[in-house]
Amino acid sequence: MRVHHLVAGRMSPPLGPAVICHVLLVEHPEGLTLVDSGLGRADLADPKRLGPARHLLRPQQGVTAIDAVEAAGFDAADVAHVVLTHLDFDHVGGALDFPQATWHTTAAEWSAATTDIKGIEKSRYRQAHLGGSPVVQAHPGEGDPWRHGLSAIEVLDGISLVPMIGHTRGHAAVTVEGESGLVVHAGDAVFDASHYDPTLAKIGILRAFEKTVVRIPKRLKGNHAALATLHADPDVTVVNAHDERAYPG
């Protein structure tokens, strides 16, 4: 399967570097498939949909998933699936621009965002994104043994969710068996790519922000270590959502 790396959102927080919403577009036999979906056009038309975080993140106009898909030469109507690392607005917002697509997420994440909402989750999940009627496949369980001690839940042929809870209660990385090897989209299991790629310099503001928004802090180090192990695997390319240095496009 051919994998395209797209920027589906760009944000300019006042106290740190610009960050992107890095998504994957996969040419899958069952239809074009997005891994994460960044921001949507409705979000930029009415930033209040994003809640108070909009003042901190300051999303730029004109940078959304559907714009990126169309700029890459594809028809948005052909996007049949959206596989989500988690349901924060900067990962799920763009999915609404593909109303014909089926959403895939872990059952734990769907529950945390829609039925078993606790504490900070009441503000982090935006009902403007989740209150409609998308077709959702919420995949239960931890999946089957995968590699390097991790488990995976196959959601489409060659595309799997790898549970990495921490940032949220149901967060997962997403793996894609691409034509040039395995691509692992870490989502927000790591913010600063230097945690898994020692050739990069540390970005303190990204590390601090990660600790501010994490749901289960004790899981951070384990996720970082798992991603470092995957990064060291010559058959694997690890990318994340927001550190532009890890964007190969």
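One structure accompanies this document, and this report is about it. This structure is a prediction, so every number in the text was calculated from the model and none was measured.

About the cut-offs
Residues numbered from 1 in each chain as written. Predicted model: local features only at pLDDT ≥ 70, side-chain atom pairs only at ≥ 80, totals over all residues. Heavy atoms only, no water. 1 Å grid on protein atoms, 1.4 Å probe; cavity = no way out; pocket = protein on both sides within 12 Å on 5 of 7 lines; lining within 4 Å. Points joined across faces, edges and corners; volume = space filled by probe spheres on them. Helix = DSSP H or I, 4+ residues; strand = E, 2+ residues; numbered from the N terminus. Nonpolar A, V, L, I, M, F, W, Y, C, P; charged D, E, K, R; others polar. Phe/Tyr/Trp six-rings, centres within 6.5 Å; stacked < 30°, edge-to-face > 60°. Buried < 20%, exposed > 50% of the residue type's maximum accessible area, 1.4 Å probe, protein only. Contact = heavy atoms within 4.5 Å. Pairing = 2+ DSSP bridges. Core = buried A, V, L, I, M, F, W, Y, C linked by side-chain atoms within 4.5 Å. Axes fitted to C-alpha atoms, helices over the stretch in contact; angles between N-to-C directions. Salt bridge = Lys/Arg side-chain N within 4 Å of Asp/Glu carboxyl O.

### Description of the layout of surface pockets
If you add up the space inside the second largest pocket, you get close to 160 Å³. Along the walls of the second largest pocket sit M1, R2, V3, H5, G178, E179, S180, G181, L182, V183 and T237, which together make up its complete lining. Where the lining of the second largest pocket is concerned, the elements lending two or more residues are β1 (2–11) and β11 (181–185). For the lining of the second largest pocket, the residue count by class is 4 nonpolar, 5 polar and 2 charged.

### Examining the packing of aromatic side chains
In this structure the tally under the stated criterion is 1 aromatic pair. Relative to F209, the ring of F191 lies with its centre 5.9 Å away and its plane at 55°, an arrangement referred to as tilted. Here the residue F191 occupies a position in the loop between β11 and α8 (204–213), and F209 occupies one in helix α8, the gap between them amounting to 18 residues. By relative accessible area, which is 28% here, F209 ends up partly exposed.

### With respect to the side chain of H28
Along the polypeptide, H28 turns up in strand β2 (residues 19–28). Exposure remark for H28: the relative accessible area of 7% places this residue in the buried category. Those residues in contact with H28, other than ones at most four positions away along the chain, are M1, T33, L156, D157 and I159.

### Re the pairing of strand β10 (residues 172–178)
Of all 7 residues making up β10, 6 are buried, and the element is well covered by its neighbours. Bridge count between strand β9 (residues 159–163) and β10: 5 bridges; the pairing is antiparallel. Bridge pairing in β10 places L161 opposite V174. Between β10 and β11, which follow one another and run antiparallel, lie 2 residues.

### Remarks on the nonpolar core
L34, V69, V79, V82 and F98 are the most contacted members of the largest nonpolar core, which totals 25 residues. Residue assignment for this core shows that the elements contributing at least two residues are β1, β2, β3 (31–35), α3 (65–71), β4 (79–83) and α5 (107–114). For this core, the element with the most residues is α3, which contributes 4 residues. The residues contacting V69, other than those within four sequence positions of it, are L6, L25, L34, F74, A76, V79 and F98.

### Quick look at the sheet that holds β1
Strand pairing in a sheet relies on backbone hydrogen bonds. The paired strands run either parallel or antiparallel. Read across the open sheet, the 6 strands follow the order β1-β2-β3-β4-β5-β6; overall the sheet is mixed. Each edge of the sheet is formed by a strand with only one pairing partner; in this case those strands are β1 and β6 (135–139). Strand after strand, the sheet turns through a mean of 25° between neighbouring axes, direction not considered. Summarising the sheet, β2 and β3 pair through 5 bridges and their orientation is antiparallel. The residue bridging V26 from the neighbouring strand is T33, located in β3. Across the sheet, α5 lies against β5 (102–106) and β6, angled at about 95° from β5, the strand it touches most.

### With respect to the pattern of salt bridges
Inspection of the entire model under this criterion finds 13 salt bridges. Its salt-bridge partner being D67, residue R41 comes within 2.7 Å of it at the nearest N-O pair. A residue pair is termed long-range when its members are at least 10 positions apart, and R41 in helix α1 (residues 41–45) and D67 in helix α3 qualify at 26 residues. Relative accessible area serves as the criterion here: at 38%, R41 is assigned to the partly exposed category. Residue D43 pairs with R49 through a salt bridge whose shortest N-O separation is 3.0 Å. This pair shows no difference in class: D43 is buried, exactly as R49 is. Here the salt bridges share partners, and the residues they tie into one network are D116, K118, E121, R169 and R215.

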